[in-house]
Each structure stands twice: as structure tokens, then as C-alpha cells.
Amino acid sequence: MRKKLICALALIFACTALGACSPQKNDSRLTRHGEMLNTVVTLTTYGTDDEAILDGAFELCAEYEAILSRTAEGSDIYRINHSGGEPVAISDATAELIGLALDYAELSGGAFDPSIEPIVSLWDITSESPRVPGDDEINQALSRVDWRGITLEGNTVTLRPGMSMDLGAIAKGYIADRLRDYFSDAGVTGALINLGGNVLTYGKKPDGSPFTVGVQKPFASNEVIGAYRISDMALTTSGIYERYFEQDGAIYHHIMDPKTGRPVQNDVYSVTILSPHSVDGDALSTICFVLGADDGLALINSMDGIYAVYCMADGSLIFSEGAEAEWIDKSRLQ
Ligand code: ADP
Ligand code: MG
């Protein structure tokens, strides 16, 4: 595996604390934060003082948000979801991303389902007063979830009537990869791309060292349990501790089981994936969460160059083959 991994939670958490855009110059390192993609976006470039590169990167983010958002009127996904089963013409990027999402739906046996939108909307976990829906409501919404009802032909997508899409489990990873391409084209020698915890590292820091990216301790904000040192690699986490509500002592979070129409119930708190491409890490972190540790690790161990770390509810860590050797425990981080 690529031996250079990261820590960032220090970075990631600092980013979360800060809000609006605020450029900071630090030798040849530029960092900027922005609230986009329904999260906090932090972009850092190394080896350049050109602020215009960051301007362009945030514009690119906004362009992708405008086509991939589920809620922005006129976005590709909005138009698909309001098409009433009619074919919809979409951009190249949306078509590529839907194609990838369908591949992952198939690979995961439907654990990952880009047509999960009716269930996500029904639970509306992040609303002001979320509630546990009734069985009838869940069954009704579930009857509209089935990725096989999505037909993609070139740049045209058609949904079975009544269905709708949500690419929230994969879009940030896709956008991170496009930002990496942009930074590479712009001649930047290193960049740290952090889309709400989807971290992608490009190149190296000016001194040639890799990036250190931390893995957050579940339910303990600002605390990491360990880290990886990485370059040209993504570190992506799906966990239950960021978007959830509690009712009668139970936690209801935002990763849904397409079989039950309810938040996945298992002994996993979070899954972190290391992968060359962020889009794969994003899809696989969600998939591994839904599958649980046994099936998820079997899947990751069957894939070349991709690694996983499970944080379990009992506090233990479970690593895929090769992932423990590179792990830097918190006690070894200064
Ligand atoms: P985050 O967006 O917090 O980084 P994930 O990448 O795991 O976390 O994506 C979770 C989001 O994906 C949910 O908010 C929802 O929009 C969507 N989603 C939830 N469950 C599934 C699923 N089983 N398959 C596909 N998408 C899902
Ligand atoms: Mg994901």
C-alpha cells in the first residue's frame, strides 16, 4: 500500500469550527474554508501564492453542487426527481457519477442504493424535529426504492415512476477527485482537499513530506484515535456520530439500510476507507457501514490498493489486510 498516510482531524476539526470563507497566507501554503455541499469545505494549496487558483476551485465546487444537489431547483438530480418517469437529459458529469453509483449498487448487492431518496426524505434526520416514522410510511417509501429502476443510456436517465435519487453518499468523493484534477492542471504541487471529512491528498508538501490525516474518535469531537500518512490518496469516513437524533435511548442516524428502510443497526460506529480515488472511498465507506465488519472486510480484502478501518461500538478497531501496518496510533502522534 502507499505508505504515506495523513492526519487531519486537527485540520478537519479546525475547519469545522471556522465558518465562512477566510483566506490565510502562510509562506507557500494557502487555505480557505467555505460552507458548501451541505458541509464545510476546506481547500489548501501548497507551493503557490496564487489565490485565483483557490477562487477557481470554489467556483468548480459550486458548479458541481448546482448540478448534483437534490434540493437545488434545476439541478440535474432535481430534474430527474421531478420527471414523472420521463427521460431526462443530464450533463456528462452527472451521467458519469450515476454510472459509478449504479456500479456500486450492483457490487454491493443493493447495500448502496442511489434511489434511497424516499427513505432519506421520510426520516429527514437533520430536520429540526425528526421523528421515527410508522411502519406503513416506511413500507410505502421502501416500495419506491430499487436501483434497478434507474435506466442510464448515454446522457439520458429515466426513473421508474415514483422513484427519486440521492447521490449524497458518493457525490462529495466525485467532486474531490475533480478538484484534484483541477489542482493538477493548475500546476499546484500539493493540495489537501477536505469536503466535510472526505479528505483527498494530492502530491506532497513543499518539503516533500506526505500529509497526516486523522481518523476521528466516534462521538468525541476534536479527538482523533489515530492517523495515516498519505499522499495521492483519499481517506473517507462514514460514521453515525455526526448526523443523528436520539429517541427513547436509541440513535437514529443517516446511513440507511435499503432492506429495512431504517438506519443501519449494527455494532459499527464508523468505517474509514483509504483509496486512490475519493469517489471509491466515499461509496465504499457507506457500503462497508451497511454491510458490517465481516462482509465489509471481505469486500475490501478482495480489492487491490484499498484499505479499511472499522471503529466498533465497543471501542475496538478492526483493520483490513495491510491497514494496521501503516496505522499511527494516537499515542504516537505528536
Ligand atoms: P456523509 O455524507 O456524512 O459523508 P455518507 O457518505 O455515508 O456520509 O453518505 C450518507 C448519505 O448518503 C446520507 O445522508 C443519504 O443522503 C445517503 N444514503 C444513506 N444511506 C444510503 C445507502 N444505503 N445507499 C446510498 N446512499 C445512502
Ligand atoms: Mg459515502
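Scroll up to find the structure.
Quick summary incoming for the structure in this document. Model, not experiment: these values are computed from the prediction.

1. Some details on the sheet that holds strand β10 (residues 224-230)
Spatially, β9-β10-β19 is the arrangement adopted by the three strands of the open sheet, whose pairing is antiparallel. The open sheet terminates on both sides in strands that have one partner only, identified here as β9 (211-216) and β19 (328-329).

2. So, the pairing of strand β16 (residues 268-275)
Buried residues dominate β16, accounting for seven of its eight residues. Both β16 and strand β17 (residues 307-312) contribute to a ladder of six bridges, which runs antiparallel. Counterpart to Ser270 in the pairing with β17 is Cys311.

3. Considering the coordination of the magnesium ion (ligand 2)
In an ideal tetrahedron of four donors about a metal, each angle is 109.5 degrees. In an ideal octahedron of six donors, the angles are 90 or 180 degrees. Within the protein, Ala169 (O), Asp282 (O), Asp282 (OD) and Thr286 (OG1) serve as the donor atoms for the magnesium ion (ligand 2), at 2.2 to 2.5 Å. In terms of primary sequence, the donors binding the magnesium ion (ligand 2) are separated according to A-x112-D-x3-T. With a gap of four residues between them, Asp282 and Thr286 both fall in helix α8 (residues 278-291), about one helical turn apart. On the accessibility criterion, Thr286 (12% relative accessible area) is buried.

4. A word on the environment of Trp327
You can see Trp327 is positioned in the loop between β18 (317-319) and β19. Apart from residues lying up to four places away in sequence, Trp327 is in contact with Val215, Ile225, Gly226, Ala227, Tyr228, Leu317, Phe319 and Arg332.

5. Examining unusual backbone geometry
Of note, the phi angle at Leu37 is positive, near 55°, even though the residue is not glycine. Residue position: Leu37 is located in the loop between β2 (29-36) and β3 (39-46). Even without glycine at this site, Phe219 takes up a positive phi of about 60°. For Phe219, the position within the fold is in the loop between β9 and β10.

6. Points about the pattern of salt bridges
Side chains that differ in sign of charge can pair as their charged atoms come close. This model, assessed by the stated rule, comprises 14 salt bridges. Residue Asp55 is joined to Arg32 by a salt bridge in which the shortest nitrogen-to-oxygen separation is 2.8 Å. Of the two residues, Asp55 sits in helix α2 (residues 51-68) while Arg32 sits in strand β2, which places them 23 residues apart along the sequence. The partner of Arg70 in a salt bridge is Glu117, and the shortest N-O contact between them spans 3.0 Å. Remark: Glu117 occurs in helix α5 (residues 117-123) and Arg70 occurs in the loop between α2 and α3 (76-81); sequence separation between them is 47 residues. For Arg70, a relative accessible area of 29% translates into the label partly exposed. The buried category is assigned to Glu117, whose relative accessible area is 11%. Among the charged side chains, a salt-bridge network with shared partners connects Asp177, Arg178, Arg180 and Asp181.

Calculation rules
- Residues numbered from 1 in each chain as written.
- Chains lettered and ligands numbered in written order.
- Predicted model: local features only at pLDDT ≥ 70, side-chain atom pairs only at ≥ 80, totals over all residues.
- Heavy atoms only, no water.
- Pairing = 2+ DSSP bridges.
- Helix = DSSP H or I, 4+ residues; strand = E, 2+ residues; numbered from the N terminus.
- Buried < 20%, exposed > 50% of the residue type's maximum accessible area, 1.4 Å probe, protein only.
- Donors = N, O, S within 2.8 Å, 3.2 Å for Na, K, Ca; no water.
- Contact = heavy atoms within 4.5 Å.
- Salt bridge = Lys/Arg side-chain N within 4 Å of Asp/Glu carboxyl O.

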